[in-house]
Amino acid sequence: MLLAIGLVVVVIGTVLFNFLSPSFTPLASNWGQIDFTLNLTIAMTGIVFVVINLLMAYFVLRYRQQPGKKAAFEPENKKLELWLIGVTAIGVVVLLAPGLFVYSEFVNTPKDALVVEAVAQQWQWSFRLPGQDGEFGKTSISLINFQNPFGIDPEDPNGQDDVLVPGNEIHLPLNRPVKVLLRSKDVLHDFYVPEFRVKMDAIPGAISSLWFTPTKAGTYELACAEYCGLGHHTMRGVVVVEAQQTFQDWVAAQAIFSEEVAEAGTNTGQDPVVVLGQQLAQTKGCLGCHTTDGTPSVGPSWKGLFGKQESLSDGTTVAVDEAYLAESIADPSAKVVENFPPAMPPYTLNEEDLEAIIAYIKSLTGND
Ligand code: CUA
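Residues numbered from 1 in each chain as written. Predicted model: local features only at pLDDT ≥ 70, side-chain atom pairs only at ≥ 80, totals over all residues. Heavy atoms only, no water.

1. A closer look at the environment of Ala-217
In plain terms, the rule: Strands here mean DSSP runs of E at least two residues long; helices mean DSSP runs of H or I at least four residues long; both are numbered from the N terminus. With a 1.4 Å probe rolled over the protein chains alone, any residue whose accessible area is under 20% of its type maximum counts as buried; one over 50% counts as exposed, and the rest are partly exposed.
Within the secondary structure, Ala-217 is located in the loop between strand S8 (208-212) and strand S9 (218-224). Since its relative accessible area comes to 53%, Ala-217 is described here as exposed. C-alpha separation for the pair Ala-217 and Ala-28, spaced 189 residues apart in sequence, amounts to 8.2 Å.

2. Details of the sheet that holds strand S2 (residues 124-129)
The line we're drawing: For two strands to be treated as a pair, DSSP must find no fewer than two bridges joining them. We call two residues in contact when some of their heavy atoms are within 4.5 Å. Fitted lines through C-alpha atoms give the axes, limited to the stretch in contact for helices. The angle between two N-to-C directions lies from 0 to 180 degrees.
Judged by pairing direction, the sheet is mixed, and its six strands sit side by side in the order S8-S5-S1-S2-S3-S11 without closing on themselves. Each having just a single partner strand, S8 and strand S11 (255-256) make up the two edges of the open sheet. In terms of strand pairing, strand S5 (residues 178-184) meets S8 through five bridges, oriented antiparallel. Opposite Val-180, over in S8, you have Leu-210 as the bridge partner. With respect to the sheet, helix H4 (residues 244-252) is in contact with strand S1 (114-121), S2 and strand S3 (163-165), its orientation differing from that of S2 by roughly 100°.

3. Let's talk about the domain arrangement of the protein
Cut-off, in case you're wondering: Domain start and stop points were drawn from an automatic or database domain assignment.
Domain annotation of the protein identifies domain 1 (2-65 + 75-107), domain 2 (114-259) and domain 3 (267-363). Relative to domain 3, the C-alpha centre of domain 1 lies at a distance of 53 Å.

Next up, the structure:
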């Protein structure tokens, strides 16, 4: 009796949980079919779950031990087995068939899709658009350096007009199919915007892709959906979907590969060493763990860091000066700041780069 009640309570609880818990984020792409297959899967498995558990509860009561009643042994029941096989087979087909149709659409990108490249690294996103010619320049890992974070081949004419977006924010036009090519500089990451429904791994050494048509203007969070190390949870980006014209204006304001290198640091009115440091912080992935707005992340924020007294995990304190920063970059485990994990890998930088990064950190304090 208790067991039967327990089963009924589990069924009621599960059904309530399903209907009361938050549902999917609102759909903002063409992939309504993916919602349909998900809902179908939940409905099918849900119905089977409810029926089986209620039947179990019923049988527990109906065939409980009673004086004078004996169970009869039935070695085989062909008719019942055929029914079970038939119904299960139909169930499996209903569950899988719609997914095959959706998948065939998912792997066939529309011809007129806008192609965008997303480059993942621990722990940030950056983006590239093909420019006027619609063609991406060739890339190679060996060409990646701070001036060329995408590793674009400077010899390839297709790459000259490539539009580079080093930050975590990409804009996309409304109602136009977008194909996202995915690259990774280090480990597995995953491009996932829940509202667009589609997701795909970024694999080092390979180019993977996904496509969708954004159908609602708005700002969406891009979350890395593959555990990629300590800073995984900080690996977020922003996707802004807007009208075609606004999108074009945004693209026009981005840097172009061939100009990027020449113009670096000259047009901002800032100290070029600080600008170089900022670029390095971005391309070396420092900003994946260190914020510049004062919020602690995986590591201490860089805002107001220089000149401050830092408490260390061994109970001592240290003044944050050039020597301390240089040591912490080259050998992060030497002096670990209290309440932060000893997670940072050592970086070997040349004199100039090191100076630039320290200058950048100093600039975030305002006293240099
Ligand atoms: Cu990148 Cu998780």
